[in-house]
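Here is what each chain is made of, one letter per residue.
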Amino acid sequence: GTETDPSDTAGALSLQEIYSKVIPSVVSISTTTANGGASGTGIVMSADGYIITNYHVVDGAQSVSVLTEDNQSYDAVIVGSDETSDLAVLKVEASGLTAAEFGDYDQLRVGDSVVAIGDPLGVQLRGTMTDGIISAINRDLTVNDRQMTLIQTNAALNNGNSGGPLINCYGQVIGINTMK
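The present account deals with the structure reproduced in this document. (Residues numbered from 1 in each chain as written. Predicted model: local features only at pLDDT ≥ 70, side-chain atom pairs only at ≥ 80, totals over all residues. Heavy atoms only, no water.)

1. Some points on the overall build of the protein
Part 1 of the argument: Helix and strand counts for the protein stand at two helices and 11 strands.
Part 2 of the argument: For the protein, the sequential pattern of α-helices and β-strands runs α-β-β-β-α-β-β-β-β-β-β-β-β.
Part 3 of the argument: In terms of C-alpha radius of gyration, the protein reaches 16 Å, essentially the compact-globule figure of 16 Å for 180 residues.
Part 4 of the argument: Counting only C-alpha atoms, the protein reaches 50 × 40 × 25 Å along its principal axes.
Part 5 of the argument: Pairs at least 24 residues apart make up 58% of the contacts formed inside the protein by residues separated by at least 6 positions.
Part 6 of the argument: A total of about 8,900 Å² of accessible surface is found on the protein, and carbon and sulfur atoms cover 46% of it. (Helix = DSSP H or I, 4+ residues; strand = E, 2+ residues; numbered from the N terminus. Rg over C-alpha atoms; globule rule 2.2 N^0.38 Å. Contact = heavy atoms within 4.5 Å. Areas by Shrake-Rupley, 256 points an atom, 1.4 Å probe, with all protein chains shown as cover.)

2. Comments concerning the layout of surface pockets
Part 1 of the argument: What the largest pocket holds in volume is close to 630 Å³.
Part 2 of the argument: If you go around the largest pocket, you meet 26 residues; those closest to its centre are Leu 150, Ile 151, Gly 175, Ile 176 and Thr 178.
Part 3 of the argument: Listing elements by their share of the lining of the largest pocket, those giving two or more residues are strand E8 (128–143), strand E9 (146–153) and strand E11 (173–176).
Part 4 of the argument: If one sorts the elements of the lining of the largest pocket by residue count, E9 sits on top with six residues.
Part 5 of the argument: Across the lining of the largest pocket, the residue classes break down as 15 nonpolar, eight polar and three charged.
Part 6 of the argument: Taken as a whole, the second largest pocket encloses approximately 290 Å³ of empty space.
Part 7 of the argument: Lining the second largest pocket are 15 residues, with Thr 9, Gln 107, Asp 112, Cys 169 and Tyr 170 sitting closest to its centre.
Part 8 of the argument: Looking at the lining of the second largest pocket residue by residue, the classes come out as five nonpolar, seven polar and three charged. (1 Å grid on protein atoms, 1.4 Å probe; cavity = no way out; pocket = protein on both sides within 12 Å on 5 of 7 lines; lining within 4 Å. Points joined across faces, edges and corners; volume = space filled by probe spheres on them. Nonpolar A, V, L, I, M, F, W, Y, C, P; charged D, E, K, R; others polar.)

3. Quick word on the sheet that holds strand E3 (residues 50–53)
Part 1 of the argument: Strand order in the closed barrel made by the six strands is E1-E2-E3-E6-E5-E4, with antiparallel pairing throughout. Taken pair by pair, the neighbouring strands of this sheet meet at an average axis angle of 40°, ignoring direction.
Part 2 of the argument: Pairing of strand E1 (residues 26–33) with strand E4 (residues 63–67), which is carried by five bridges, proceeds in the antiparallel orientation. In the strand pairing of E4, Ser 30 is matched with Ser 65. (Pairing = 2+ DSSP bridges. Axes fitted to C-alpha atoms, helices over the stretch in contact; angles between N-to-C directions.)

4. Regarding a negative patch on the surface
Part 1 of the argument: Together, Glu 3, Asp 5, Asp 8 and Glu 17 give the surface a local cluster of negative charge.
Part 2 of the argument: The residue Glu 3 is located in the segment before helix H1 (15–22) in this model.
Part 3 of the argument: What makes Glu 3 partly exposed here is its relative accessible area of 42%. (Patch = residues over 30% accessible without salt bridge, like charges linked within 9 Å, V, L, I, M, F, W, Y side chains within 5 Å. Salt bridge = Lys/Arg side-chain N within 4 Å of Asp/Glu carboxyl O. Lys, Arg positive; Asp, Glu negative; His and termini not counted. Charge placed at Lys NZ, Arg CZ, Asp CG, Glu CD. Buried < 20%, exposed > 50% of the residue type's maximum accessible area, 1.4 Å probe, protein only.)

5. Digging into a nonpolar patch on the surface
Part 1 of the argument: Together, Met 45, Tyr 50, Val 77, Val 79 and Phe 102 make up a nonpolar patch on the protein surface, roughly 420 Å² of accessible area in all.
Part 2 of the argument: When you line up the elements, Val 79 lands in strand E5 (residues 73–82).
Part 3 of the argument: Taking the relative accessible area as the measure of exposure, Val 79 reaches 48% and is therefore partly exposed.

6. Things to note about the sheet that holds strand E7 (residues 113–118)
Part 1 of the argument: Judged by pairing direction, the sheet is antiparallel, and its five strands sit side by side in the order E9-E8-E7-E10-E11 without closing on themselves. Since the sheet does not close on itself, it has two edges, and those belong to E9 and E11, each with one partner. Averaged over all pairs of adjacent strands, the angle between strand axes in this sheet comes to 45°, irrespective of strand direction.
Part 2 of the argument: Relative to E9, E8 is paired through seven bridges, and the arrangement is antiparallel. Following the sheet pairing, Asp 140 is matched in E9 by Thr 149.

7. Let's talk about the environment of Asp 104
Part 1 of the argument: As for its position among the elements, Asp 104 is in the loop between strand E6 (87–92) and E7.
Part 2 of the argument: On the basis of relative accessibility, which here comes to 40%, the residue Asp 104 falls in the partly exposed class.
Part 3 of the argument: Sequence spacing of Asp 104 and Asp 119 is 15 residues, and the spatial spacing of their C-alpha atoms is 25 Å.
Part 4 of the argument: Within polar-contact distance, the side chain of Asp 104 engages the backbone nitrogen of Asp 106 at 2.9 Å. (Polar contact = N/O pair within 3.5 Å; in protein donor to acceptor, adjacent residues only side chain to side chain.)

Below, the structure is given as C-alpha cells:
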C-alpha cells in the first residue's frame, strides 16, 4: 500500500515507518497480584533490559512478566517507581533489546501529529497503533488525589495502553500513556 504521511514536517516518517521503527521497543506487561492480575504496555528504555511503564500497571504486583514483540518472555523486577508521576522502571535480564528513541517534550506543539502503540484491552490486541494529534500540553488534572501535568491527545487509548509510548512524527517517544 501507499505510505501514510501524518505530517508534512521536514524529516517526518510515514505511519508505517513509525510503526516499524518503534514496535520492536514496545512490550506487553502482565502482573500477578493478590486479587488476580493486571496488564499494560511498556517501552524499552535501554538495550540491557530497562523498561518504562506506569506505576498503576505494576502497583501491588507479586510478579511481573514482560513479553517482547518477538515473543520472548522475561521475568521482571521493579527497580523504581513513583506513584505521583505514575511511572515505574522495570529490569529484565536481557541484552540486545531494541531501545526506543526519546524526543524532546519541550518541542511539542498543540496540533503535532502523534501515535500511540500498545495493548488496548489486553495482550490479545497487542501492538495496536492509533494516531491523532496533541490536543493540549501541560494539562493539569487531579487523578486519584494526585495532581498530574499531562499531554492530552485524541489518539484512541484503552486500559491496556497504560504504560505504552506516545510517539511523535519522527518515531521518538515523547510521553507515556497514563489514562484514557
